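Structure at a glance
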Amino acid sequence: MIYERVALIGLGLIAGSMSLAARRAELAGEIVGTARSAETRAIAKEINLVDRIVGTAAEAVKDADLIVLAVPVGAMGMVAEEIGPHLKRGATVTDVGSVKRHVIETVTPHLPDGVHFIPGHPIAGTEHSGPRSGFAELFDNRWTLLIEGDETDQDALARLRKFWEKMGANVGIMEKDRHDLVLAVTSHAPHLIAYTMVGVADDLQRVTDSEVINYSAAGFRDFTRIAASDPTMWRDVFLTNRDATLEILGRFTEELFALQRAIRTGDGEHLHDYFTRTRAVRRGIIEAGQDTEAPNFGRGQKKV
Ligand code: NAP
């Protein structure tokens, strides 16, 4: 056991998966959970997602040793304000938000002295959300990034690191702004591009809906999966990681124009060189064990 009592604030995909993964490895004496709506709390109870469900975040954090904020990024500050006065001295607060600078800026002012805040972000997810979407294997062999600052308590960091490792994750330590830039490249901008591509197909009256559905080739199908991700979560990501996302989208637009020009001018060499370079990136991801080479991305064989 790593923590006597763990409190999960929010009971969606990430918190639910954490509860199941922590149970699998017997990492907590008791897992207490709460969610905003009575409906989510009732479902979590029905499927036995956590050991005990309570009605408010303030109640959930009472005597907790680890508190996990697992709500959309835009709601983290409000939750921190609610729980601040009820936190136990010596407790660790962490979060799983996809953006780090904004969460740190909105959460930190509400935490009392003697409580350790160690922001985190599991780089693992699916397009599903809600209390029924979690599964114990979500973090297996995926990275979780923990954010270290000047004042980070090293013992609290080591304990949280062990907690994530026992849930199956590889743990990396990163600085907050570096995190936001890296994730803008690897996750945030690609999501926006997927949302755009699916939106374009939807707008394009010349291609009928049934044609899009029946003939969607691998490229478009992958976009539709990403573009089915939770609208609230992703709205918050773009509003709170604005600068890094805009920088990457600026570069993306420049490269897109260069490729557009190569197509217009028939510059096959440019296209071929570009696609050769990008192919090497894919190989690197497979060699690092972060995706599968199986046809159709291994769909039907694993859940993610
Ligand atoms: P989710 O399945 O949609 O669950 C979100 C939970 O937060 C729900 O229990 C919801 O309660 C609660 N909630 C929503 N708005 C709230 C508010 N204003 N105040 C209090 N509680 C609120 O979301 P998720 O995918 O687990 O994401 C949670 C966090 O993890 C987000 O910050 C996201 O950026 C991050 N993350 C997500 C992924 C991913 O792929 N999904 C990956 C890594 C990190 P109700 O059900 O009662 O509304």
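What you see is a predicted model, and the numbers here were worked out from it, not measured in a lab. (Residues numbered from 1 in each chain as written. Predicted model: local features only at pLDDT ≥ 70, side-chain atom pairs only at ≥ 80, totals over all residues. Heavy atoms only, no water.)

**Considering the layout of surface pockets**
Where empty space is left in the structure can be found by rolling a water-sized probe over the atoms. For clarity, the threshold we go by: Method remark: on a 1 Å grid restricted to protein atoms, a set of points is classed as a cavity if a 1.4 Å probe fits but cannot get out and as a pocket if it is open with protein on both sides within 12 Å along at least five of seven lines; lining residues have an atom within 4 Å of a point. Grid points are joined across faces, edges and corners, and a volume is the space filled by probe spheres set on the points. Asp, Glu, Lys and Arg are counted as charged, while Ala, Val, Leu, Ile, Met, Phe, Trp, Tyr, Cys and Pro are counted as nonpolar; the rest, among them Gly, fall into the polar class.
Counted as a void, the second largest pocket has a volume near 520 Å³. Around the second largest pocket sit 19 residues that line it, and T108, F117, G149, E151 and T152 are the ones nearest its centre. In the lining of the second largest pocket, the residues fall into 7 nonpolar, 5 polar and 7 charged.

**Observations concerning the pairing of strand 5 (residues 92–95)**
For the record, the criterion: Here the term buried applies to any residue with accessible area under 20% of the maximum for its type, exposed to any over 50%, and partly exposed to those in between, with areas from a 1.4 Å probe on protein chains only. To qualify as a helix, a DSSP run of H or I must reach at least 4 residues; to qualify as a strand, a run of E must reach at least 2; elements of each kind are numbered from the N terminus. One requirement defines pairing of two strands: DSSP has to find at least two bridges between them. With the strands pointing away from the viewer, any crossover whose connection runs clockwise from the first strand over the helix to the second is right-handed.
Residue alternation in strand 5 divides its side chains into two sets, T92 and T94 and V93 and D95, and both sets are buried. Note: strand 4 (residues 66–69) against strand 5, 4 bridges, orientation parallel. If you follow L69 over to strand 5, its bridge partner there is D95. Once you follow strand 4 into helix 4 (residues 76–83) and on to strand 5, the crossover reads as right-handed. As paired elements, strand 5 and strand 6 (residues 116–117) share 2 bridges and run parallel to each other.

**Description of the site of the ligand**
The following threshold applies: Summary of the distance rule: residues count as near a molecule or strand when at least one heavy atom falls within 4 Å of that molecule or strand. Note that accessible areas follow from Shrake-Rupley with a 1.4 Å probe, and for residues the cover is restricted to the protein chains shown.
Surrounding the ligand, one finds 27 residues, the nearest of these being R36, S37, T40, V71 and S98. Out of a free accessible area of 900 Å², the ligand has 86% covered by protein chains. Elements that contribute at least two residues to the shell around the ligand include exactly helix 1 (13–24), helix 4 and strand 7 (120–122). For the shell around the ligand, the class distribution of residues is 15 nonpolar, 11 polar and 1 charged.

**Notes on the side chain of T240**
What counts here: Two residues form a contact once any of their heavy atoms are found within 4.5 Å.
Assignment of secondary structure puts T240 in helix 10 (residues 231–240). Taking relative accessible area as the criterion, T240 reaches 16% and is therefore assigned buried. The contact partners of T240, leaving out residues within four places of it in the chain, are V73, V99 and H102.

**Here we look at helix 1**
Rule in force here: What a helix is expected to span follows from its residue count: subtract one and scale by 1.5 Å.
Compared with the 16 Å implied by 1.5 Å per residue over 12 residues, the 16 Å span of helix 1 between its first and last C-alpha is a close match. For helix 1, a buried count of 9 out of 12 residues is recorded, marking the element as mostly surrounded by other parts of the structure. Buried within helix 1 we find L13, I14, A15, G16, S17, M18, S19, A21 and A22. The inward-facing, buried residues of helix 1 contact strand 1 (3–9), strand 2 (28–34), strand 4, strand 7 and helix 6 (154–166). Remark: E26 follows helix 1 within two positions and exhibits a positive phi of approximately 50°.

**Points about the confidence of the model for the protein**
Under the convention used in this document: Residue-level confidence of the predictor, termed pLDDT, takes values from 0 up to 100.
For the protein, per-residue confidence averages 93 on the pLDDT scale, and 95% of positions sit at 70 or higher. In this model, residues 298–304 is a region of pLDDT below 50 whose contacts with residues beyond four sequence positions or in other chains number 12 contacts.

**Topic: the sheet that holds strand 7**
Going by this rule: Simply put, an axis is a line fit to the C-alpha atoms, just over the touching stretch for a helix, and the angle between two N-to-C directions goes from 0 to 180 degrees.
Reading across the sheet, the 3 strands line up as 7-8-9 and stay open at both edges, with mixed pairing between neighbours. The two strands at the open ends of the sheet, each matched to only one other strand, are strand 7 and strand 9 (170–174). This sheet shows a mean twist of 20° between the axes of neighbouring strands, independent of strand direction. One ladder, built from 3 bridges, connects strand 7 with strand 8 (residues 143–147); its direction is antiparallel. Paired with G120 across the strands is L146, a residue of strand 8.

**Some thoughts on a nonpolar patch on the surface**
Under the convention used in this document: Candidate patch residues must exceed 30% relative accessible area and have no salt bridge, after which like charges are joined if within 9 Å and Val, Leu, Ile, Met, Phe, Trp or Tyr side chains if within 5 Å. A side-chain nitrogen of Lys or Arg and a carboxyl oxygen of Asp or Glu constitute a salt bridge if their distance falls within 4 Å.
Residues M197, V200 and L204 make up a contiguous nonpolar surface patch of roughly 220 Å² in combined accessible area. Turning to its location among the elements, V200 is positioned in helix 7 (residues 176–203).

**As for the packing of aromatic side chains**
To be explicit about the condition: Any pair of Phe, Tyr and Trp rings, taking the six-membered ring for Trp, is counted once the centres come within 6.5 Å. Such a pair is stacked with planes under 30 degrees apart, edge-to-face with planes over 60 apart, and tilted for the rest.
One pass over the full model with this rule turns up 3 aromatic pairs. Aromatic pair Y3 and F163: ring centres 5.3 Å apart, planes at 75°, arrangement edge-to-face. Pair noted here: Y3 is in strand 1 and F163 is in helix 6, with a separation of 160 residues, a long-range link. Considered together, Y3 and F163 belong to a single accessibility category, that of buried residues. An angle of 40° between the planes, with centres 5.9 Å apart, marks the rings of W234 and F238 as tilted. Of this pair, W234 and F238 both sit in helix 10, 4 residues apart, roughly one helical turn. With relative accessibility at 5%, the residue W234 sits in the buried group. We classify F238 as buried; its relative accessible area is 17%.

**What to know about the sheet that holds strand 2**
Strand order in the open sheet made by the 6 strands is 3-2-1-4-5-6, with parallel pairing throughout. The outermost strands of the open sheet, each flanked by one partner alone, are strand 3 (52–53) and strand 6. Across the sheet, helix 1 lies against strand 1, strand 2 and strand 4, angled at about 165° from strand 2, the strand it touches most. Against the sheet, helix 4 engages strand 1, strand 4 and strand 5, with an angle of about 150° to strand 4.

**Section: helix 12 (residues 268–287)**
The first and last C-alpha atoms of helix 12 sit 29 Å apart over 20 residues, in line with the 28 Å expected at 1.5 Å per residue. Looking at the residues trailing helix 12, positive phi occurs at G289, about 75°.

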